[in-house]
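Structure assessment
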Amino acid sequence: AQSVTQLGSHVSVSEGALVLLRCNYSSSVPPYLFWYVQYPNQGLQLLLKYTSAATLVKGINGFEAEFKKSETSFHLTKPSAHMSDAAEYFCAVSAGGSNYKLTFGKGTLLTVNP
Amino acid sequence: GAVVSQHPSRVICKSGTSVKIECRSLDFQATTMFWYRQFPKQSLMLMATSNEGSKATYEQGVEKDKFLINHASLTLSTLTVTSAHPEDSSFYICSAQGTGVRSNQPQHFGDGTRLSIL
């Protein structure tokens, strides 16, 4: 069984500031981990993924995340927030391999203040 | 560009109406498609997993007779909300399992359908 906990349902940062969105996971098998972004009234877009290769993963739009097994974490960061980053962010876990079923966290709404 | 097309993007209809939502994979064959429901400011809730040519597997608590899923081809799955009522109003999102050139992601998501039942 797998689960994801996203700490903080709402994160607010100033434009240009560091973005840190937290995600902790629980998995009975080595996990695959993902971050998705959702803009209003749209589906999900993949930002980045961890699939047991490099623990520091770089994604689109300047985002990156680090897999830390000891902490069961996969936090999402971006050095400098942009107004266009304002959206809902979801962390997700799957069992990997041919198992494509995703378990999502509850999401974190990121607002960026000018 | 989009690799999964979901239609319609928005539908408003009267209570008691049945509504069909289509999900198409545009440039790959999707042996498995997923249907999610998302309530305002909440996460995605998996409703069912749809495999081409076989019956869908529904998650616990999802009414099979209310939410009919058909996956008749490798590129098309449909969700029909039968005799819809206001409590069925929600945002429905489909996704398709990545295969072939699209296997770089586990699931490719459609843009969702906003269903409003009056």
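The numbers attached to residues start from 1 for each chain and follow its sequence in the written order. Each chain is given a letter, starting from A, and each ligand a number, starting from 1, according to the order in which they appear as written. Owing to the predicted nature of the model, reporting of local features is limited to residues with pLDDT of at least 70; listing and counting of side-chain atom pairs is limited to 80 or more, with chain, interface and lining totals taken over all residues. Calculation of side-chain values draws on the structure's entire complement of heavy atoms; hydrogens and water are dropped beforehand.

Our focus in this paragraph is the overall build of chain A. By definition, any uninterrupted DSSP run of H or I lasting at least four residues is a helix, any uninterrupted run of E lasting at least two residues is a strand, and each is numbered from the N terminus. Helices and strands together make up the secondary structure of chain A, namely zero helices and 11 strands. Listing each helix as α and each strand as β along chain A from the N terminus yields β-β-β-β-β-β-β-β-β-β-β. The globule rule is 2.2 Å times the number of residues to the power 0.38, and the radius of gyration it is compared with is taken over C-alpha atoms. Expected size for 114 residues packed as a compact globule is a radius of gyration near 13 Å; at 13 Å, chain A falls within 12% of this value. Categorising residues by exposure relies on relative accessible area from a 1.4 Å probe, with only protein chains included: less than 20% of the type maximum marks a residue as buried, more than 50% marks it as exposed, and the intermediate range marks it as partly exposed. Across the 114 residues that make up chain A, the buried fraction comes to 42%. A separation threshold of at least 6 residues defines the contact pool for chain A, and within that pool the share at least 24 residues apart is 57%. Surface accessibility in these figures is a Shrake-Rupley result with a 1.4 Å probe; residues are shielded only by whichever protein chains are displayed. When the accessible surface of chain A is summed, it comes to about 5400 Å², and 53% of that surface belongs to carbon and sulfur atoms. Should any heavy atoms of two residues lie within 4.5 Å, those residues are considered in contact.

Moving on, we get to the pairing of strand E11 (residues 113–117) of chain B. All names here are of chain B. Here E11 lies mainly inside the structure; four of its five residues are buried. Here a strand pair is declared whenever DSSP counts at least two bridges between the two strands. Where strand E2 (residues 10–13) lies against E11, four bridges are found, and the strand directions are parallel. For Ile-12, the partnering residue across the bridge sits in E11 and is Ser-116. Here three bridges tie strand E9 (residues 90–97) to E11, and the two strands are oriented antiparallel to one another. Looking at the pairing, Tyr-92 lines up with Thr-113 of E11.

Next up on the list: the interface of chain A and chain B. In this complex, chain A contributes 16 residues to the contact, which on the side of chain B involves 20 residues. Here's the idea: put two parts together, see how much 1.4 Å probe accessible area each one loses, and the total over both is what we call buried area. Buried surface at the junction of chain A and chain B, both sides included, amounts to about 1500 Å², of which 57% is carbon and sulfur. For salt bridges, the criterion is a side-chain nitrogen of Lys or Arg within 4 Å of an Asp or Glu carboxyl oxygen. Counting across the chain A and chain B interface gives one salt bridge. Across the pair Glu59(B) and Lys101(A) runs a salt bridge whose closest N-O atoms are separated by 3.2 Å. Polar contacts here mean pairs of N or O atoms no more than 3.5 Å apart (in protein, one a potential hydrogen donor and the other a potential acceptor; neighbouring residues in sequence count only if both atoms are side-chain atoms). The interface formed by chain A and chain B holds five residue pairs in polar contact (both at pLDDT 80 or more) in total.

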